[in-house]
Amino acid sequence: MAMCRRLNGQYWLTKYWQNYRHQTDVCHAYQVIINGGLGIENIIILMYDDIAYNSNNPFPRRIYNSFQEIDVYEGVEVDYAGENATADNLLAVLLGNPFQLIGGNGKVLSSSSRDRVFMFYSGHGNVEILGSIFTLLPNNTSVDATTSANALENSYGVYCGFGNDDGGDGVCLGSLYSVAWL
């Protein structure tokens, strides 16, 4: 899942070319857990999903999390993309409440107290979003979560300078924490 940003009074999961690394971190995590044997039916992805087909992308339909040229976007199934990638939908997914969803495919957690839930959350850090999501979950829920930044700090980019053919600084392919952890 990608980090949320406030825009026009509502929270949206991170979008725009400049936030390339957050979406690639999510796709990299997806590849790691799929290759580890977890079934797609057990994975829910919320991601703005505007990087692979972005006009700035020199490799259309592909995204990379390092300079190793491994397409981490291949096979990724995004359940909530674009305008459906909101903090409200994220909370509904985590609480297993399909009736609060707006858009997407309706997939929510259907776990019980015996299940273990792993959540990968990539982003800049944000007190209003990150702090509130984990405090709203029921106490009897077993959630393991890892983030590239806590609620009060920024994440740091790695493999930076990608796509700087236009004379700009380019973007970073990953977040330092996420790439190292994955």
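Small disclaimer: the values here were computed from a predicted structure and weren't measured. Residue positions are counted from 1 within each chain, in the order its sequence is given. Only residues with pLDDT of at least 70 get local features here, since the model is predicted, and only at 80 or more are side-chain atom pairs given and counted; chain-wide, interface and lining totals rely on the full set of residues. With hydrogens and water set aside, each side-chain value is computed from the structure's full complement of heavy atoms.

### Side note on the state of the cysteines
Selection rule: For this text, the term disulfide refers to a pair of cysteine sulfurs within 2.5 Å. Starting at the N terminus, helices and strands are each numbered in turn, a helix being any DSSP run of H or I of at least four residues and a strand any DSSP run of E of at least two. Remark: exposure states derive from per-residue accessible area (1.4 Å probe, protein chains only) relative to the maximum for the residue type, with buried under 20%, exposed over 50%, and partly exposed in between.
Applying the stated criterion across every chain yields a total of 1 disulfide. With a sulfur-sulfur separation of 2.0 Å, Cys-160 is cross-linked through a disulfide to Cys-172. Taking the sign of the S-S torsion, about 100° here, the bridge from Cys-160 to Cys-172 comes out right-handed. Pair noted here: Cys-160 is in strand β5 (residues 157-162) and Cys-172 is in strand β6 (residues 171-175), with a separation of 12 residues, a long-range link. Classification of Cys-160 by relative accessible area gives partly exposed; the value is 43%. Given the relative accessible area of 15%, Cys-172 is considered buried.

### Some thoughts on the environment of Glu-41
Residue position: Glu-41 is located in the loop between α1 (20-35) and α2 (87-95). Assessed through its relative accessible area of 56%, Glu-41 is described here as exposed. Considered as a pair, Glu-41 and Lys-107 are 66 residues apart in the sequence and their alpha carbons are 9.1 Å apart.

### So, α1
The test is simple: What a helix should span is 1.5 Å times the count of its residues minus one. Throughout, a contact is declared for two residues whenever any of their heavy atoms are within 4.5 Å.
In this model α1 runs 23 Å from its N-terminal to its C-terminal C-alpha over 16 residues, within 8% of the 22 Å that 1.5 Å per residue would give. When you tally the buried positions in α1, you get 12 out of 16 residues, the bulk of the element. For α1, the elements touching its buried residues are β3 (117-121), β5, β6 and α4 (176-181). Positioned one or two residues after α1, Gly-37 has a phi angle of 105°, which is positive.

### Examining the pairing of β6
Where we set the bar: Only strands joined by at least two bridges in the DSSP assignment are considered to pair.
With 5 of its 5 residues buried, β6 lies for the most part within the structure. Both β5 and β6 contribute to a ladder of 4 bridges, which runs antiparallel. Its bridge partner lying in β6, Val-158 is registered against Gly-174.

### Comments concerning the confidence of the model for the chain
Applied cut-off: By definition, pLDDT measures how confident the predictor is in each residue, and it falls between 0 and 100.
Residues of the chain with pLDDT of at least 70 account for 74%, and the chain-wide mean is 80. Within the chain, α1 carries the highest mean pLDDT (92), whereas strand β1 (residues 4-7) carries the lowest (43). Low pLDDT, under 50, characterises residues 1-13; the predicted model gives this stretch 60 contacts beyond four residues in sequence or across chains.

### What to know about the environment of Ser-178
One can find Ser-178 in helix α4. Expressed as a C-alpha distance, the spacing of Ser-178 and Tyr-156, which sit 22 residues apart in the sequence, is 9.5 Å.

### A few points about the packing of aromatic side chains
Filter applied, for reference: Under the pairing criterion, centres of Phe, Tyr and Trp rings, with the six-membered ring standing for Trp, must be within 6.5 Å; the plane angle then separates stacked pairs below 30 degrees from edge-to-face pairs above 60, leaving the rest tilted.
Taken as a whole and assessed by the stated rule, the structure comprises 5 aromatic pairs. Both rings, one in Phe-59 and one in Tyr-64, keep their centres 5.5 Å apart while their planes meet at 90°; by these two values the pair is edge-to-face. Judged by its relative accessible area of 31%, Phe-59 falls in the partly exposed class.

### Overview of the environment of Asn-54
Operational definition: Here a polar contact means two N or O atoms within 3.5 Å. Within protein one must be a hydrogen donor candidate and the other an acceptor candidate, and residues neighboring in sequence count only if both atoms are side-chain atoms.
Within the secondary structure, Asn-54 sits in the loop between α1 and α2. Take Asn-54: its relative accessible area is 17%, and that puts it in the buried class. In this structure the side chain of Asn-54 is engaged in a polar contact, spanning 2.8 Å, whose partner is the backbone nitrogen of Asn-56.

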